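# Secondary and tertiary structure notes
Each chain, letter by letter, is given below.
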Amino acid sequence: MKLKIAVLSGDGIGPEIMKQGVAVMDAIAEKFGHEVEYTEAICGAHAIDVVGDPFPEKTFEICKKADAVLFSAVGDPKYDNDPTSKVRPEQGLLAMRKGLGLFANIRPVQTFKCLLHKSPLKTELVEGADFVCIRELTGGMYFGEKYQDNDKAYDTNYYTRPEIERILKVGFEYARRRHHHLTVVDKANILASSRLWRQIAKEMEPAYPDVQVDYMFVDNASMRMIAEPTFFDVIVTENTFGDILTDEGSCISGSMGLLPSASTGEDTPVFEPVHGSWPQAAGKNIANPLAQILSVAMMLEYFGLNEEGQMVRNAVDASLDANVRTPEIQVEGGAHYGTKEVGEWIVNWIKKQ
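What counts and how
Residues numbered from 1 in each chain as written. Predicted model: local features only at pLDDT ≥ 70, side-chain atom pairs only at ≥ 80, totals over all residues. Heavy atoms only, no water. Helix = DSSP H or I, 4+ residues; strand = E, 2+ residues; numbered from the N terminus. Rg over C-alpha atoms; globule rule 2.2 N^0.38 Å. Buried < 20%, exposed > 50% of the residue type's maximum accessible area, 1.4 Å probe, protein only. Axes fitted to C-alpha atoms, helices over the stretch in contact; angles between N-to-C directions. Parallel < 35°, antiparallel > 145°, perpendicular 65-115°, else oblique. Contact = heavy atoms within 4.5 Å. Nonpolar A, V, L, I, M, F, W, Y, C, P; charged D, E, K, R; others polar. Disulfide = S-S within 2.5 Å. Left-handed = near helix turned anticlockwise from the far one by under 90°. Pairing = 2+ DSSP bridges.

So, about the overall build of the protein. Broken down by element type, the protein carries 13 helices and twelve strands. For a compact globule of 353 residues, the expected C-alpha radius of gyration is about 20 Å, and the protein comes in at 20 Å, within 12% of that figure. Over its C-alpha atoms, taken along the principal directions, the protein stretches across nearly 55 × 50 × 40 Å. Taken over 353 residues, the protein has a buried fraction of 54%.

Interaxial distance between helix α9 (residues 218–227) and helix α10 (residues 239–250) falls to 10 Å at its minimum, and their mutual angle equals 10°. Taken together, α9 and α10 sit at an angle that is classed as roughly parallel. On the side of α9, the interface is formed by V218, A221, S222, M225 and I226, while α10 contributes F241, L245, E248 and G249. Among the residues forming the contact of α9 with α10, the class breakdown is six nonpolar, two polar and one charged.

In total, this model carries zero disulfides according to the counting rule given. Cysteine C63 shares no disulfide, and the gap to the nearest cysteine sulfur, in C43, comes to 8.0 Å. Using a relative accessible area of 0% as the deciding quantity, one classes C63 as buried. Not part of a disulfide, C251 finds its nearest cysteine sulfur in C133, a span of 12 Å. The exposure class of C251 is partly exposed, given its relative accessible area of 37%.

Contact pair helix α12 (residues 306–321) / helix α13 (residues 339–352): the axes reach a minimum separation of 9 Å and the direction vectors enclose 125°. When the axis of α12 is compared with that of α13, the two are oblique. Relative to α13, α12 is oriented so that their crossing is right-handed. Across the interface between the two elements, M311, N314, A315, V316, A318 and S319 from α12 touch W345, I346, W349 and I350 from α13. The residue makeup of the contact of α12 with α13, split by class, is eight nonpolar, two polar and no charged.

What follows concerns the sheet that holds strand β5 (residues 130–136). The sheet built from ten strands is open, its strands ordered β2-β1-β3-β12-β11-β4-β5-β10-β8-β9 with mixed pairing. With one partner strand each, in any of the chains shown, β2 (35–40) and β9 (212–217) form the two edges of the open sheet. On average, each strand axis in the sheet is tilted by 25° relative to the strand beside it, whichever way the strands run. As paired strands, strand β4 (residues 104–110) and β5 are joined by seven bridges and run antiparallel to one another. Bridge pairing links A104 to E136 in β5.

The quantities given are spatial measurements derived from coordinates; they are silent on function.
Right, dumping it as structure tokens:
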């Protein structure tokens, strides 16, 4: 297969982990006889520094022409610490999602048996946890009408029926492919937008008689995710709730550096780690590249290259079992491995298969 991949390394640790993701993709391409063409593009704080725009038109054009986007992270403290800044790195991420019509964010949450002790939750709670969060990505408060002055501010949580129907369809179909259990998360006891979500979900239920559907308020869902994470199979929810819940869910595995995600919709799909740019670690060779590498696995599987994706997953599992890990998940007394060394070990493992 021939693939054209747009590479957006972004800010902070992005370039370091991206280098390892691309190296793994190259190893897979060589192993299975695929041809991959990469085009790099700027985004985030880096793009603001260069051209004053966190998602320049040229970057957008590169993404549009690609088969997929491999993305790392954006963010920089100089913008985080300035509430008056009119241009922010994260605006580039929102612009990319909106421009490419990426309305569905898919975030798998899973545990790794050899890392259960790293989870902040008790082992007996998290063992066997394996669920998918599906977050609506281009509507709600993040994109609704906004206003701010010195005395008041508001954000509008705006949704339309077509926006809700299409993301619920993704949720129902994921549940049908997995364990036939869907949890719709909302705040229908308070919010009008949530009541519309619940109404439409109930209208759609009869079309999926093989899927068990639960409805759960977001406050209850956030508590249940910590108290009983094995309850969930597929969660579907709106943008703001999804942003919060998926970050909460990422802690179950013991490190945000372990979890990938995909954003899909009308145009070029984007594959990225769930974590941020961690600028404090940039250049120190300590960032965990596994989420970026597992994003490559998700990308391969998106194109139907399931054997290739599984090999990447097997390589990651092998590295964890061999204690080839970055410091935040290394066992006590284990050897030191940096971002580069973990990536190289995984590449070599693939080449030996």
